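This is what each chain is made of:
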Amino acid sequence: MLSLRDFDVVGRTYRNINRYRQILTILFKYGFGNIIEALKIDQYLEIGLKMISRSKPARFERLTQPQRTRLLFEELGPTFIKFGQILSTRPDLIPLKFIFELEKLQDNVPKFPFAEVQRILTKEFGPQKNPFVTMEEDPFASASIGQVHLARLKTGEQVAVKIQRPGLRKIIQVDLEIMNHLATLMERHIEDLSFFRPVKIVEEFAETLDKEMDYTLEASNMERVAQQFLFDSTIHIPKVYLDRTTQTVLTMEYIQGIKISDLTALEKAGMDRKALTRRGADLILKQVFEFGFFHADLHPGNLFVLPNNVLGPVDFGMMGFMDRRAREVFIDLIASVVTEKPSATCHYLLELTEYDEEPDMRFLERDISTFIGQYLTKALKNINVGRLLQDLLKITSKHKLRLYPDTFLMMKSFAAVEGVAQRLDPEFDMVGYAAPFIKRKKMERISLSRISQDLSSLSLESLQLLQEIPRDSISIIRQARKGKFVLGFDVQKLEKIIGAFHRESHKLSVSIIISSLIIASSLLLSFKVPPQIFGISILGLSTIACAIFLGLWLFVKPSK
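The model shown is predicted, which means the values in this text are computed figures rather than measured ones.

So, on to the pattern of salt bridges. A full pass over the atoms with the stated rule returns 27 salt bridges. Residue Asp 175 pairs with Arg 19 through a salt bridge whose shortest N-O separation is 2.7 Å. Residue Asp 175 is found in helix α8 (residues 168-189), and its partner Arg 19 is found in helix α2 (residues 14-29); the two are separated by 156 residues along the sequence. The pair formed by Asp 175 and Arg 19 is uniform in burial state, with each residue classed as buried.

Strand pairs in the sheet, formed through backbone hydrogen bonds, run parallel or antiparallel to each other. The sheet built from three strands is open, its strands ordered β6-β8-β9 with antiparallel pairing. The open sheet has two edge strands, β6 (258-259) and β9 (310-313), and neither has a second partner. Summarising the sheet, strand β8 (residues 303-306) and β9 pair through four bridges and their orientation is antiparallel. Counted as the bridge partner of Phe 304 is Gly 312 from β9.

Of the two faces of β8, the one carrying Leu 303 and Val 305 and the one carrying Phe 304 and Leu 306 are both buried. Across two bridges, the pairing between β6 and β8 is antiparallel. Bridge pairing in β8 links Ile 258 to Val 305. Turn length for the β8-β9 hairpin, with the two strands adjacent in sequence and antiparallel, is three residues, and the turn residue Asn 308 shows positive phi of about 65°.

This part takes up the packing of helix α4 (residues 65-76) against helix α5 (residues 78-87). Where α4 meets α5, the axes come as close as 5 Å, and the angle between the chain directions of the two elements is 140°. Accordingly, the angle class assigned to the pair α4 and α5 is oblique. Where α4 abuts α5, its residues Phe 73, Glu 74 and Leu 76 lie against Pro 78, Phe 80, Ile 81, Phe 83, Gly 84 and Leu 87.

As enumerated under the stated definition, the model contains 10 aromatic pairs in all. Considering the side-chain rings of Phe 73 and Phe 80, the 6.2 Å spacing of their centres and the 40° angle between planes classify their relative orientation as tilted. Judged by relative accessible area, Phe 80 falls into the buried class, the value being 6%. Their ring planes at 20° and their centres at 6.2 Å tell us that Phe 289 and Phe 330 sit as a pair that is stacked. Placement of Phe 289 in helix α13 (residues 273-291) and of Phe 330 in helix α14 (residues 324-338) is noted, with a sequence separation of 41 residues between them. The buried category is assigned to Phe 289, whose relative accessible area is 4%. A connected cluster of aromatic rings, assembled from ring pairs, spans Phe 73, Phe 80, Phe 83 and Phe 205. When the ring centre of Tyr 215 is taken as origin, the NZ or CZ atom of Lys 162, which lies over that ring, is 5.5 Å away.

Turning our eyes to something else, we now look at helix α19 (residues 430-444). Taking 1.5 Å per residue, 15 residues should reach 21 Å; α19 reaches 22 Å between its end C-alpha atoms and fits that length. When the local axis directions of α19 are compared, the greatest deviation, roughly 25°, occurs at Pro 436. Of all the positions in α19, only Met 430, Ala 434, Phe 437, Ile 438 and Lys 441 are classed as buried.

Phi at Asn 308 is positive, roughly 65°, even though this residue is not glycine. Within the element layout of this structure, Asn 308 appears in the loop between β8 and β9. In this structure, Asn 309 is a non-glycine residue whose phi angle is positive, near 60°. Along the chain, the position of Asn 309 falls in the loop between β8 and β9. The class of Asn 309 is buried, set by a relative accessible area of 15%.

Turning our attention to the confidence of the model for the protein. The share of residues in the protein with pLDDT of 70 or more is 76%, and the mean pLDDT across the chain is 80. The secondary-structure element of the protein with the lowest mean pLDDT is helix α1 (residues 7-10), recorded at 43, while strand β5 (residues 249-253) shows the highest, at 96. Across residues 6-14, where pLDDT falls below 50, the model places 18 contacts with residues more than four positions away in sequence or in other chains.

With that settled, consider the packing of α14 against helix α15 (residues 342-351). At a minimum axis separation of 9 Å, α14 and α15 run at an interaxial angle of 155°. Classed by the angle they form, the pair α14 and α15 counts as roughly antiparallel. With respect to the hand of their crossing, α14 and α15 are arranged in left-handed fashion. Residue-level contacts link Arg 325, Val 329, Asp 332, Leu 333, Ser 336 and Val 337 of α14 to Ala 344, Thr 345, Tyr 348, Leu 349 and Glu 351 of α15. Here the residues of the contact of α14 with α15 sort into six nonpolar, two polar and three charged.

Attention shifts here to the side chain of Asn 302. Summarising the element assignment, Asn 302 is placed in the loop between β7 (293-295) and β8. Those residues within four positions of Asn 302 in sequence are excluded, and the remaining contacts are His 295, Asp 297, Gly 312, Pro 313, Val 314 and Asp 315.

Rules of the game
Residues numbered from 1 in each chain as written. Predicted model: local features only at pLDDT ≥ 70, side-chain atom pairs only at ≥ 80, totals over all residues. Heavy atoms only, no water. Salt bridge = Lys/Arg side-chain N within 4 Å of Asp/Glu carboxyl O. Helix = DSSP H or I, 4+ residues; strand = E, 2+ residues; numbered from the N terminus. Buried < 20%, exposed > 50% of the residue type's maximum accessible area, 1.4 Å probe, protein only. Pairing = 2+ DSSP bridges. Axes fitted to C-alpha atoms, helices over the stretch in contact; angles between N-to-C directions. Parallel < 35°, antiparallel > 145°, perpendicular 65-115°, else oblique. Contact = heavy atoms within 4.5 Å. Phe/Tyr/Trp six-rings, centres within 6.5 Å; stacked < 30°, edge-to-face > 60°. Lys NZ or Arg CZ within 6 Å of the ring centre and 35° of its normal. Expected span 1.5 Å × (residues − 1). Bend = angle between axes of the 7 residues up to and from the residue. pLDDT = per-residue confidence, 0-100. Left-handed = near helix turned anticlockwise from the far one by under 90°. Nonpolar A, V, L, I, M, F, W, Y, C, P; charged D, E, K, R; others polar.

See below:
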């Protein structure tokens, strides 16, 4: 597992010093010398900054800081390329202007020799247990983490084998130690950069990268998504061969399809571009709003078209997750925009973001009102989801709100699918197509089965709370006897707390009444208690109607 250790203790090897010097040289090359000098590195490392070239080619003078950062990451190699790609999905960590530039990062990493591939396979499976009869020497895909070779199993099946770069963990460990050291110095010496919490950024990057380098996790993602679309013939998820998969080798079904961006090949194969567009939209809508677990990197290179207009997504290393509450809040956010309710939009936006201080609601509502007016004056088919996302991010950035990473990934996935749709079918209306789907998911929340499910869950939680109160009370009394119990509260917030308590108590009481009514109606209907109409108990119908009415009232009643 990747770990961040104290560089001053373990990082003074010759190799690390050379890598440190290389990184600093490239930083100076792209015009970041002022930052390096501000870090006072000479005080911490015997590295000799005077030996490092500080010249900056004239061609970089005209580039913006985000553009120079992107070029810097590309030249620094695999760790930094992956670092930039992950940062481009984190508007909660870096300024917005860097997000859009780092999205352009490309993997300009050369392939590694086939001899290394054979060595890795021998290490993972043993010299006598190589599961592949043949394997093509040249990879058909290569990236910063690994490369993919076409192979054939003993059963005759053709497979794609993703193999991690040799020695990658050691390379990344060294780079992480240096990055962590630089981040620590930034927080210590540069106040403007400390606001962005560089050490936290490096720590989260190390954790994310550690997961992405474990191919068994990607295999698990593929199997989970395959279960989602098990009975959907329009989507094909590659089969995973778990007995031939390890942390550094992933064996999966080879998808012999056409890249969705290859319009000429699609035309020659007689594919229906309009059908493909609708199926691409269904893919992301179902993953987000039905399952809450979605492919977070659906660019054209990761979508293939199989015979009969079947979509075959690949590369499941980056996935997003949104729980039911987050999905429903996002649906409510969309509904509040469509119904032109800036105040409600602000409320839902705050639920989808984190912040150090609550923004000034007057100014936020004003910007949201302008945002709503800007898009509602357009026909749905003329609304660009990608541009809408950028404008929404500008508002959150302006008011120092940070979108949760998975929420941002979800929005990016919608924008990516729309980008593909615009190439396949320029007349496709992504917003209009999604509207009925979103409306249906919203209506499901007030269905009898959903209300019953929520009430059952609430009743169970209430019972658990009642069981815990005596134990917690005894614990508090014991602490008080020992003089260790300290009670502290903010008097200014007491009124809000009491109000919230009364509201929740009221909801709980109504929920218990609704549960009782549902149980009573079930009994009345089961025993056909008279009077009856068409053999159905009128009292039972009346009781269930009261329960539904109270449930709807509880659902739509605004919180004060």
